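Residue-level listing of the chains:
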Amino acid sequence: MLGRVANGIFWMYRYLERAENTARLLEAGHRMTLTRRSDTAVQEWRSVLTTLGLRRAYEATYDDYAGAHVCDFVLRSKNNPESVLSMVERARINARACRSAITLEVWEAINEGWMTLRDLLARPVRESNLNLALGAIRRESTLARGATHGSMLRNETYCFARLGTFLERADNTSRILDVKYYLLLPSLSYVGTPLDTGQWDNVLRSLSAERAYRWLNAGRMDARSIADFLILDKRFPRSLVFCYAAARENLTELARLHGAEGQAHECMRAADLRLNDKTVEDVFEQGLHEFLIQFIAGNQELAGAIATDYRFVS
Amino acid sequence: MAAPEEPKFDEMHAPDGSVRPAYRGYVQWLSEQDDGAMRRKNFEAESFFRKTGITFNVYGEDDAEERLIPFDMVPRIITAAEWRRLSRGIEQRVRALNAFMHDLYHRQEIIRSGRLPERLFRNNAAWLPQMVGFTPPGGVYTHITGIDLVRTGPDDFLVLEDNARTPSGVSYMLENRETMMAMFPELFSTVNVRPVSDYPRRLAKSLAACAPEGAPDKPNIAVLTPGIYNSAYYEHAFLADQMGAELVEGSDLRVVDGQVQMRTTVGFRPVHVLYRRVDDDFLDPLTFNPASVLGIPGIMDVYRAGRITIANAPGTGVADDKAIYSFMPDIVEFYTGERALLPNVDTWRCADPDSLKYVLANLEQLVVKEVHGSGGYGMLIGPTSSKKEIAAFRAKLEANPDNYIAQPTLALSTCPIFTKSGLSPRHVDLRPYVLCSPDGVDITPGGLTRVALKKGSLVVNSSQGGGTKDSWVLDD
């Protein structure tokens, strides 16, 4: 396949995944503000923007943290190139540019999803409609993923699609975890307070993990067991270990199809050393923040190596 | 453009109200359909097109990056006998076009014989000196030709235009049929329609047969597109997809080791046949427009070394010029030794002083076209233009008569479209698609029917609000 097309597919699935994760995060943020007094709601909204890396851009546009403003900015603002709408549009542009590499089913899922969300986000979303809109974003992303599963050949196109999805997802999970642990809590003395556990609950919700986590860890809500779950649990589809197992599988398949390994496979092995056979104690010994920073950097390096190895650009 | 006074040919009904043979099966089926259900189908068609993203891009309009070409669900139907006659005429014309191109770029017998004035190609921007003395692989210039036909009577099909560069619209021919088959499956089991769906396979086969010497048995074919913002991008992607070919942009290609190669995930791989959908001017910045970023630097050298096939061959535009068009009957006779089976529309060449005099005196009745214009732009439609518009055009015409031809406003045939108040006749034309390779000329049965959507209008161009119809050729 063409390097340009491999690049287009990889990023198309990254944008789809990011749009979905953004919606999850917003959903969690909204839920938290409903159970808080209005002054702490400001903190929750601010934390959503921080996690998305949008705080500076937001503050250049607004001087308050009203929920309606935050939601509008994150979902559809023209001042936000990382808005959900913009990512869905970019995913569709990539799908058009790679039209002959994807199936009709995938194309239709993405094209129809774009049409639905474009109409839904044509005007500011009222709070009463927020859950509906966020649900629609998740649903459209799920449909595209389902069409991918159900209709695409398991060839190199599929490998690049999956790599895009899992690298993006791993990036999201690690950022959410890092922001919570490193940035949000005012000081260590707050550990174990309702503010702390509330924030952890928020983290789990934004990864759609709260039920799975509770089911596995009845009654516990602390940094250690949550980090264990989000980093090391092989069963949870958004954990770092899970994402990297999937990434490894697709990289191995690419090496088999191409008859050669590249720099990306080196990066993968290095990541495996950092991740596999680790216990949560090892992670905290290194320092959770240090571990996550290193992971995010490694993830970026892996994406870069894939782009180089498979000639994404000339 | 208003319809002229004389009676026009109705494709569906004879003057006595009876149904013409081509439409008997369809009209019978239609009479058994429920009106309400048909109206719902009309909506269904639009959402089908929107969903599959069958759109074209409109330049110069802010809000409309992508638009649908309106689709009408009443088919345009041609009998097997009519089609046989048309096919013979089309094949003759395409063979003549290729012989003509070869001659123009080699010995120029037609000029020496005095049948064609030399200035016609000397002044033609599409003439490429780089092609002189060079024969494309297989000797084929126009791998894909679109011949625009109009009908004025039961036996009167006329050629309105030859599209020898990169004729577009074939994806609509295919998707219109898909849509009709999806909406009215039972119709196709009662009426015997010849299929068009194997066009992409035939195109791939025809292109492969034109591969350069030394290419493998299964040559690598790629479709070159200017990118997703081009008006026909959907078609480029569609054809590549259906042929199983790569869809490439200029930036994907590079000349490596004297070959045009595409950048793949495993490195550069040769392209043997390039179905390009960019104009000559943008093909090679080293040879043509140096500012172009759409093309491939050095591809013309590879081409001239016989190591890639470019379809259609660069320089074919010289043959689909409207000034050349007026000579086509002579050109056909010159190269085939037979009279042209398909006549031209009467054409006055304004370069000729007597013709110019006639045209200037009759502007109100004529259609005047720019020789190099396309898509219905830069033309005067006398009968529907204001005095002011005619005066302005007269000035342009007097200043540069060589640049114009004129034709009578034709009584184009009509075919009904589906409207809120039932069937209503509208003017149509037809563009069949013709493939040419050393193995022969291959014409897909049917083509793209374009239809004027406004009552009485003769303007069928999609860029100017025309629509399309499924086009049927019946089997015996």
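The rules behind the values
- Residues numbered from 1 in each chain as written.
- Chains lettered and ligands numbered in written order.
- Predicted model: local features only at pLDDT ≥ 70, side-chain atom pairs only at ≥ 80, totals over all residues.
- Heavy atoms only, no water.
- Helix = DSSP H or I, 4+ residues; strand = E, 2+ residues; numbered from the N terminus.
- Rg over C-alpha atoms; globule rule 2.2 N^0.38 Å.
- Buried < 20%, exposed > 50% of the residue type's maximum accessible area, 1.4 Å probe, protein only.
- Contact = heavy atoms within 4.5 Å.
- Areas by Shrake-Rupley, 256 points an atom, 1.4 Å probe, with all protein chains shown as cover.
- Lys, Arg positive; Asp, Glu negative; His and termini not counted.
- Charge placed at Lys NZ, Arg CZ, Asp CG, Glu CD.
- 1 Å grid on protein atoms, 1.4 Å probe; cavity = no way out; pocket = protein on both sides within 12 Å on 5 of 7 lines; lining within 4 Å.
- Points joined across faces, edges and corners; volume = space filled by probe spheres on them.
- Nonpolar A, V, L, I, M, F, W, Y, C, P; charged D, E, K, R; others polar.
- Patch = residues over 30% accessible without salt bridge, like charges linked within 9 Å, V, L, I, M, F, W, Y side chains within 5 Å.
- Salt bridge = Lys/Arg side-chain N within 4 Å of Asp/Glu carboxyl O.
- Buried area = accessible area lost by both parts, 1.4 Å probe.
- Polar contact = N/O pair within 3.5 Å; in protein donor to acceptor, adjacent residues only side chain to side chain.
- Core = buried A, V, L, I, M, F, W, Y, C linked by side-chain atoms within 4.5 Å.
- Pairing = 2+ DSSP bridges.
- Axes fitted to C-alpha atoms, helices over the stretch in contact; angles between N-to-C directions.
- Phe/Tyr/Trp six-rings, centres within 6.5 Å; stacked < 30°, edge-to-face > 60°.
- Lys NZ or Arg CZ within 6 Å of the ring centre and 35° of its normal.
- Disulfide = S-S within 2.5 Å.
- pLDDT = per-residue confidence, 0-100.

J.: Help me out: how do you make sense of the overall build of chain A in this one?
T.: Within chain A, the regular secondary structure consists of 15 helices and zero strands. Compactness check: chain A gives a C-alpha radius of gyration of 19 Å against a globular reference of 20 Å for 314 residues, within 12% of the reference. Dimensions of chain A, computed from C-alpha atoms along their principal axes, come out at roughly 55 × 50 × 35 Å. Here chain A holds 314 residues, and the buried ones make up 57% of them. Contacts spanning at least 24 positions in sequence make up 66% of the contacts within chain A whose residues lie at least 6 apart. Carbon and sulfur atoms make up 51% of the accessible area of chain A, which totals about 13,800 Å². When the 41 basic and 39 acidic side-chain charges of chain A are each reduced to a single mean position, those positions are 4 Å apart.

J.: Just to check I follow, could you spell out the layout of surface pockets for this structure?
T.: It is the rolling of a water-molecule-sized probe over the atoms that shows where space remains empty. Here the second largest pocket defines a volume of roughly 770 Å³. Mapped by element, the contributors of at least two residues to the lining of the second largest pocket are helix H8 (156-184) of chain A together with helix H8 (199-208), helix H9 (233-243), strand S7 (246-248) and strand S9 (259-264) of chain B. Tallied by class, residues from the lining of the second largest pocket come to 17 nonpolar, seven polar and seven charged.

J.: Got a minute to help me understand a negative patch on the surface in this structure?
T.: Residues and elements named next belong to chain A. On the surface, a cluster of negative charge is made up of Asp-228, Glu-281, Asp-282 and Glu-285. Looking at which element gives the most residues to the negative patch, the answer is helix H14 (residues 280-286), with three residues. Examined against the element boundaries, Glu-281 turns out to sit in helix H14. In this structure Glu-281 comes out as partly exposed when scored by relative accessible area, which is 45%.

J.: Would you explain the interface of chain B and chain A in this entry?
T.: One frequently used descriptor of interface size is the decrease in accessible area upon assembly of the parts. Listed as interface residues are 25 residues of chain B and, on the opposing side, 27 residues of chain A. Of the roughly 2,200 Å² buried between chain B and chain A, counting both surfaces, carbon and sulfur atoms make up 49%. Area buried by chain B at its contact with chain A is led by Lys51(B), Arg263(B) and Thr265(B), which between them contribute 33% of it. At the boundary of chain B and chain A, one finds two salt bridges. Note that Arg4(A) and Asp252(B) form a salt bridge whose closest N and O atoms lie 2.6 Å from each other. For the interface between chain B and chain A, the tally reads 13 residue pairs in polar contact (both at pLDDT 80 or more). Contributing elements (two or more residues each) for the side of chain B that touches chain A: helix H2 (35-52), H9, S7 and S9 of chain B. Within the side of chain B that touches chain A, the residues separate by chemical class into eight nonpolar, seven polar and ten charged.

J.: What should I look at first to understand the nonpolar core in this one?
T.: In summary, soluble globular proteins display a tendency toward joint burial of nonpolar side chains. Among the nonpolar cores identified, the biggest contains 146 residues, and Phe160(A), Leu230(A), Ile231(A), Ile306(A) and Leu274(B) are the most heavily contacted of them. When residues in this core are grouped by element, the largest group, twelve residues, is from helix H1 (residues 3-34) of chain A. In this structure, Ile231(A) is in contact with Leu177(A), Ser239(A), Leu240(A), Val241(A), Leu275(A), Val283(A), Leu288(A), Phe291(A) and Leu292(A), ignoring residues within four places of it in sequence. Counting 31 residues, the second-largest nonpolar core is a separate cluster that includes Leu207(B), Tyr233(B), Val273(B) and Tyr275(B).

J.: Any chance you could explain the sheet that holds strand S10 (residues 267-270) of chain B here in plain terms?
T.: Backbone hydrogen bonds are what pair the strands of a sheet, in a parallel or an antiparallel way. Residue and element names in this part refer to chain B. Spatial strand order, S8-S9-S10: three strands in an open sheet with antiparallel pairing. At either margin of the open sheet sits one strand with a lone partner, and together these are strand S8 (253-256) and S10. Averaged over all pairs of adjacent strands, the angle between their axes in this sheet comes to 45 degrees, without regard to strand direction. Relative to S10, S9 runs antiparallel, the two sharing four bridges. Each bridged residue has a counterpart across the sheet, and for Arg-263 the counterpart in S10 is Phe-268.

J.: Looking at this structure, how should I read the packing of aromatic side chains?
T.: Remark: the centre distance and the inter-plane angle together describe each pair of aromatic rings, the angle taken between the planes. As enumerated under the stated definition, the model contains 27 aromatic pairs over all chains in all. Ring centres 4.9 Å apart and planes at 80 degrees place the aromatic pair Phe334(B) and Tyr335(B) in the edge-to-face group. Relative accessible area serves as the criterion here: at 26%, Phe334(B) is assigned to the partly exposed category. The ring of Trp11(A) carries Arg14(A) above its face, with NZ or CZ at 4.8 Å from the centroid. Above the ring of Phe327(B), the side-chain terminus of Arg349(B) is found at 3.6 Å from the ring centroid.

J.: Whenever I open this one, the state of the cysteines confuses me. Can you help?
T.: Cysteine pairs can be linked by a disulfide, which is a covalent bond between their two sulfur atoms. Residue and element names in this part refer to chain A. This model, assessed by the stated rule, comprises zero disulfides over all chains. No disulfide involves Cys-243; its sulfur sits 16 Å from the nearest other cysteine sulfur, which is in Cys-159. Relative accessible area serves as the criterion here: at 0%, Cys-243 is assigned to the buried category.

J.: Looking at this structure, how should I read the pairing of strand S18 (residues 422-431) of chain B?
T.: For a regular strand, the rule is simple: side chains alternate between the two faces of the sheet. Residues and elements named next belong to chain B. For S18, the tally of buried residues reaches seven of ten residues, placing the bulk of the element in the interior. Judged from the six bridges that link them, strand S17 (residues 414-419) and S18 form a sheet pairing that is antiparallel. Residue Cys-415 lies in a different strand from S18, and its bridge partner there is Arg-426. Counted between consecutive antiparallel strands, the loop separating S17 from S18 contains two residues. The sheet contact formed by S18 and strand S21 (residues 448-451) spans four bridges and is antiparallel. The partner of Asp-429 across the bridge, within S21, is Arg-450.

J.: Looking at this model, I keep getting lost on the confidence of the model for chain B. Mind explaining?
T.: Fine structural detail should not be taken from predicted coordinates in areas where pLDDT scores are low. Residues and elements named next belong to chain B. Mean pLDDT over chain B stands at 90; residues scoring 70 or higher make up 94%. The low-confidence segment residues 1-5 (pLDDT under 50) makes 17 contacts with residues lying over four places distant or belonging to another chain. Predicted complex metrics record ipTM = 0.85 and pTM = 0.89.

J.: Help me out: how do you make sense of the environment of Ile390(B) in this one?
T.: On the secondary structure map, Ile390(B) appears in helix H14 (residues 387-399). Filtering out sequence-adjacent residues up to four positions away, Ile390(B) remains in contact with Leu363(B), Glu364(B), Leu380(B), Gly382(B) and Ser385(B).

J.: Explanation requested: the pattern of salt bridges in the structure shown.
T.: Residue and element names in this part refer to chain A. In total, this model carries 45 salt bridges over all chains according to the counting rule given. The salt bridge partner of Arg-238 is Glu-17, with a shortest N-O separation of 3.0 Å. Placement of the pair is Arg-238 in the loop between helix H11 (223-232) and helix H12 (240-258) and Glu-17 in helix H1, with a sequence separation of 221 residues. Glu-17 gets classed as buried once you look at its relative accessible area, which sits at 1%. A salt bridge links Arg-18 to Glu-168, with the shortest nitrogen-to-oxygen separation between them at 2.7 Å. Here the residue Arg-18 occupies a position in helix H1, and Glu-168 occupies one in helix H8, the gap between them amounting to 150 residues. Given the relative accessible area of 19%, Arg-18 is considered buried.

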